[in-house]
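This is what each chain is made of:
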Amino acid sequence: MVTDIVKQVAGKHGDVEGLMGEGVDPHLYRPTRDDIQKLSQAQMIFYSGLMLEGRMGDSFAKLARQGIPAYPVTELLQQDYLMEPEEFEGHWDPHVWNDVSAWISAVNAVAKALGEFDKANAESYAKNAAAYTEQLTALDEYAKKSIATIPEKSRVLITAHDAFGYFSRAYGIKVMAAQGVTTVSEAAISDINNIVDFVVKNKVGAIFVENIVSDRNLKAILEGAKAKGHSVEIGGTLFSDAMGAPGTYEGTYVGMVDHNVTLITRKLGGEAPEKGLNGKLSLEE
Ligand SMILES: [Zn+2]
């Protein structure tokens, strides 16, 4: 997601390369030897921040000592915006891209950093950021409108790990997850059991797998509910912490969010166009 916004803002003035590809879990990612080499040859580095890339912190510190600036794109978000989940005490929830309005602030942070680094093209970066922000504003509105069409009692999003806290607050849907805010720690049996009870009691129709986490816990929830006489389906796969395949619509930030919003809305009984906001989705129903 960071690569995509930097590409959008840099436009023709930057040669942008992403290190974490499709389906990669950023919480667990360790840089390879090849990555370190690429990083040490870069002029600038952008990363998400808020300790999302928990195992890359040392590398960024080393690079900073070599004079290569590394910018967290979330740096403009204020403390009163950020959420501090109970089980992640002392740290902010890093999953801010799942609220589009927060990612607009990340676009501005990128434009600011690029403009300061390369003053000659600052105007171009600001212009690109403004054009992209317009697309993101439409996406944010689409998300608000779509999620609101889900019948209130069905407005519950159950996923593999707690990546949708900001999504929940921005778009008005309750979220529950088998694993916490980072995938570093395993799900507790008691958490799974609580979700099973909730699913059965509230007759939840669909739960969602994520592209970066094993579907094991979701399957356990499904089986648990079935054993208690309620059948719930897997609603499909959400792009939680990484985008889809490069070269596809879902391999862009806009496509990723469009996919998530449209799938969640349709599977939980709301109304959204089959092919999403821009008519480009290839959802398998
Ligand atoms: Zn995550």
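1. A word on the nonpolar core
One recurring pattern in soluble globular proteins is that nonpolar side chains are buried together. Residues F46, V96, W103, L136, F167, Y253 and I264 are the most contacted members of the largest nonpolar core, which totals 60 residues. When residues of this core are traced back to their parent elements, those giving at least two are α1 (2-10), α4 (100-117), α5 (122-148), α6 (165-171), β5 (206-210) and α9 (253-267). If one sorts the elements of this core by residue count, α4 sits on top with 10 residues. Each of domain 1 (2-144) and domain 2 (149-267) accounts for three or more of the residues forming this core. Excluding its chain neighbours within four sequence positions, the residues that come into contact with F46 are V2, V6, Y71, V73, V110, A113 and L114. Of all hydrophobic cores here, the second largest spans 22 residues; its members include V196, V204, L222 and V232.

2. A few points about a negative patch on the surface
A surface patch of negative charge is lined by E84, E86, E87, E89 and D191. By the element assignment, D191 lies in helix α7 (residues 189-201).

3. With respect to the coordination of the zinc ion
Around the zinc ion, the donor atoms from the protein are H27 (NE2), H95 (NE2), H161 (NE2) and D241 (OD), and they sit 1.9 to 2.0 Å away. Coordination at the zinc ion is tetrahedral, judged from the four donor atoms that bind it and the angles of 96 to 118° they form at the metal. Motif for the zinc ion, donor spacing along one chain: H-x67-H-x65-H-x79-D. Residue H95 is found in the loop between β2 (70-72) and α4, and its partner H161 is found in strand β3 (residues 156-161); the two are separated by 66 residues along the sequence. Taking relative accessible area as the criterion, H95 reaches 0% and is therefore assigned buried.

About the cut-offs
- Residues numbered from 1 in each chain as written.
- Predicted model: local features only at pLDDT ≥ 70, side-chain atom pairs only at ≥ 80, totals over all residues.
- Heavy atoms only, no water.
- Core = buried A, V, L, I, M, F, W, Y, C linked by side-chain atoms within 4.5 Å.
- Buried < 20%, exposed > 50% of the residue type's maximum accessible area, 1.4 Å probe, protein only.
- Helix = DSSP H or I, 4+ residues; strand = E, 2+ residues; numbered from the N terminus.
- Domains from an automatic or database assignment.
- Contact = heavy atoms within 4.5 Å.
- Patch = residues over 30% accessible without salt bridge, like charges linked within 9 Å, V, L, I, M, F, W, Y side chains within 5 Å.
- Areas by Shrake-Rupley, 256 points an atom, 1.4 Å probe, with all protein chains shown as cover.
- Salt bridge = Lys/Arg side-chain N within 4 Å of Asp/Glu carboxyl O.
- Lys, Arg positive; Asp, Glu negative; His and termini not counted.
- Charge placed at Lys NZ, Arg CZ, Asp CG, Glu CD.
- Donors = N, O, S within 2.8 Å, 3.2 Å for Na, K, Ca; no water.
- Tetrahedral: all angles 85-135°; square planar, octahedral: opposite > 155°, others 65-115°.

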